[in-house]
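In case you want the letters, here they are:
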Amino acid sequence: MDQYSERLGKIEEALEALMPERATGDWLSSMTDALSSPIPSSMIDRFHAPGRELLVRGGKRWRPLVMVLCCEAAGGHSKMAYPFTPMVEMPHNGSLIIDDIEDKSVERRGKPAVHLLHGDDISINAGNLMYFNATALAGRDSGIDDGLRLRLLDAYCDSLRRLHFGQGLDIQWHNDHSSVPEVPVYLQMCRFKTGALARFAATAGTMLGGGDDRLCALAAESWEKAGVGFQILDDVKNLTTGNPGKDRGDDMVEGKKSLPVILYYRDNPGRA
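Here is a short report on the structure shown in this document. Predicted model only: the values in this text are computed from it and were never measured.

About the thresholds
- Residues numbered from 1 in each chain as written.
- Predicted model: local features only at pLDDT ≥ 70, side-chain atom pairs only at ≥ 80, totals over all residues.
- Heavy atoms only, no water.
- Core = buried A, V, L, I, M, F, W, Y, C linked by side-chain atoms within 4.5 Å.
- Buried < 20%, exposed > 50% of the residue type's maximum accessible area, 1.4 Å probe, protein only.
- Helix = DSSP H or I, 4+ residues; strand = E, 2+ residues; numbered from the N terminus.
- Contact = heavy atoms within 4.5 Å.
- Phe/Tyr/Trp six-rings, centres within 6.5 Å; stacked < 30°, edge-to-face > 60°.
- Lys NZ or Arg CZ within 6 Å of the ring centre and 35° of its normal.

**With respect to the nonpolar core**
Now for step 1: Formed by 48 residues in total, the largest nonpolar core has its most connected members in Met-67, Phe-84, Met-87, Met-90, Phe-200 and Leu-208.
Now for step 2: The greatest single-element share of this core, amounting to nine residues, is contributed by helix α11 (residues 195–208).
Now for step 3: Among all residues touching Met-67, those that are not within four sequence positions of it are Ala-81, Phe-84, Thr-85, Val-88, Phe-200, Ala-201, Ala-204, Gly-205 and Leu-208.
Now for step 4: Trp-173, Met-189, Cys-190 and Leu-259 belong to the second-largest nonpolar core, a separate cluster that totals eight residues.

**What to know about the packing of aromatic side chains**
Now for step 1: All told, the structure shown has four aromatic pairs when counted by the stated rule.
Now for step 2: Pairing Trp-62 with Phe-230 gives two aromatic rings, centres 5.2 Å apart and planes at 40 degrees, and the pair type is tilted. Taken together, the residues Trp-62 in helix α4 (residues 62–73) and Phe-230 in helix α12 (residues 213–239) connect sequence positions 168 residues apart.
Now for step 3: Grouped by ring-pair contacts, the aromatic residues Trp-62, Trp-223 and Phe-230 constitute a single cluster.
Now for step 4: Directly above the ring of Phe-230 sits Arg-63, whose terminal nitrogen or CZ lies 5.7 Å from the centroid.

Read these as spatial facts, not as claims about activity.
So this is what it looks like as structure tokens:
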């Protein structure tokens, strides 16, 4: 448990470095060199506030932990992976902010959804910014060679495309009550939406650990499947015990076509 807590502590340190509670001139310079005039730190803190709000509420942090463990499994040292762990946790949190606005959710991690506290407009901007802030970690000053930087950024962009493909499918299904996907199509949506960042975490960790393309592909496929399993468990818990920090059964209220719902439609066509 001590080792687990130590790993989580290092992940939190990396998240804090990328999105600090108080922005400084040095931090802003590390994010962009396109400054013709100073910007008051308080203004940056304000548009970061929705993202910070969600980050400090915690979360499982299993995706960045996967990145660290895959780095070690590929033969690398964990210190290579920790600075890059926000590349998987930041977009995850950003996607939750956007997802809550799209779904009109009222609760996240046991508190009001951040858009209800900060407003839709600045929350949308903060969620999107979390996607892009993460790319700074693979910038020119990242300390890794250009070839690895390019591979990391390519895998990162691929994961964000997949994430949005999955969200697009999920949205159209819950907006159209007559549309019920087949199970294989639903599983592909899960591969996109929930598997994408798990896949990226494994890919990036294996790359940073020195793994070759074959090992990266094996790790990516394994953890993408694990992401699908995570989503299925989440679907079932939503309808039974409820998920921590969210209302029990809110998927049903939002009209989502989760796996239990799809199976019920399939097995009870006359009652659906």
